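# Structure assessment
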Amino acid sequence: RRWRQIDVCITKAANEAKDNSKFLSTLERFLEPLRSGTPTQIIDGIPALMNALKMVHTISRFFNTSERMTKLFMKITNSMIKSCRLAINGTDTSAKMWEKPVGPLLEMLETCLRMNEFYQEQYKLTKDKLAQMPTG
């Protein structure tokens, strides 16, 4: 009887891992620009990324919990921040930012601000769409 319970737990965990892996792998192509793209490239990919996240939240049997989606959004947001920091400072320390030419620096800061605003806007739109979907 105890072995049967352990077997059921292991089977459930394996199914959950397969399901999560499947959905995370579908997100991979939308997440790639966060690792290697410029802020402008990231902006261009945000609508598709949000649509993919909505699909995961809607269809996944295991990954669609508030806790897991929050952690995923935290990682996405942190990747966007890292991308902006790299675009603004390169590999220099932040103190060297003030030594950079003002024009290109302001342009990149504005692009990063646009990315943040667009990300928040797309998040809210996606959240509203999910709220309107029937549950069950």
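Placed above this text is the structure.
Now for a quick tour of the structure. The shown structure was predicted, so the numbers you read here are calculated from the model rather than taken from an experiment.

Bringing the overall build of the protein chain into the picture now. Across its full length, the protein chain carries four helices and zero strands. The order of α-helices and β-strands along the protein chain, N terminus first, is α-α-α-α. Seen along its three principal axes, the alpha-carbon backbone of the protein chain occupies a region of about 70 × 35 × 20 Å. When the 136 residues of the protein chain are sorted by exposure, 28% land in the buried category. For the protein chain, the exposed surface amounts to about 9800 Å²; the carbon and sulfur share of it is 58%.

This paragraph deals with the nonpolar core. Formed by 26 residues in total, the largest nonpolar core has its most connected members in L53, I76 and M80. Sorting the residues of this core by element identifies α1 (2-36), α2 (39-59), α3 (66-89) and α4 (102-132) as the ones contributing at least two each. The leading source of residues in this core is α2, at eight residues. Aside from chain neighbours lying at most four places away, what touches M80 is L34, I42, I46, M115 and Y119.

Right, let's get into the pattern of salt bridges. Evaluation of the coordinates by the stated rule reveals four salt bridges. For E67, the salt bridge is made with K71, and the minimal N-O distance between the two is 3.4 Å. With a gap of four residues between them, E67 and K71 both fall in helix α3, about one helical turn apart. On the accessibility criterion, E67 (54% relative accessible area) is exposed. A relative accessible area of 47% means that K71 is categorised as partly exposed.

Rules of the game
Residues numbered from 1 in each chain as written. Predicted model: local features only at pLDDT ≥ 70, side-chain atom pairs only at ≥ 80, totals over all residues. Heavy atoms only, no water. Helix = DSSP H or I, 4+ residues; strand = E, 2+ residues; numbered from the N terminus. Buried < 20%, exposed > 50% of the residue type's maximum accessible area, 1.4 Å probe, protein only. Areas by Shrake-Rupley, 256 points an atom, 1.4 Å probe, with all protein chains shown as cover. Core = buried A, V, L, I, M, F, W, Y, C linked by side-chain atoms within 4.5 Å. Contact = heavy atoms within 4.5 Å. Salt bridge = Lys/Arg side-chain N within 4 Å of Asp/Glu carboxyl O.

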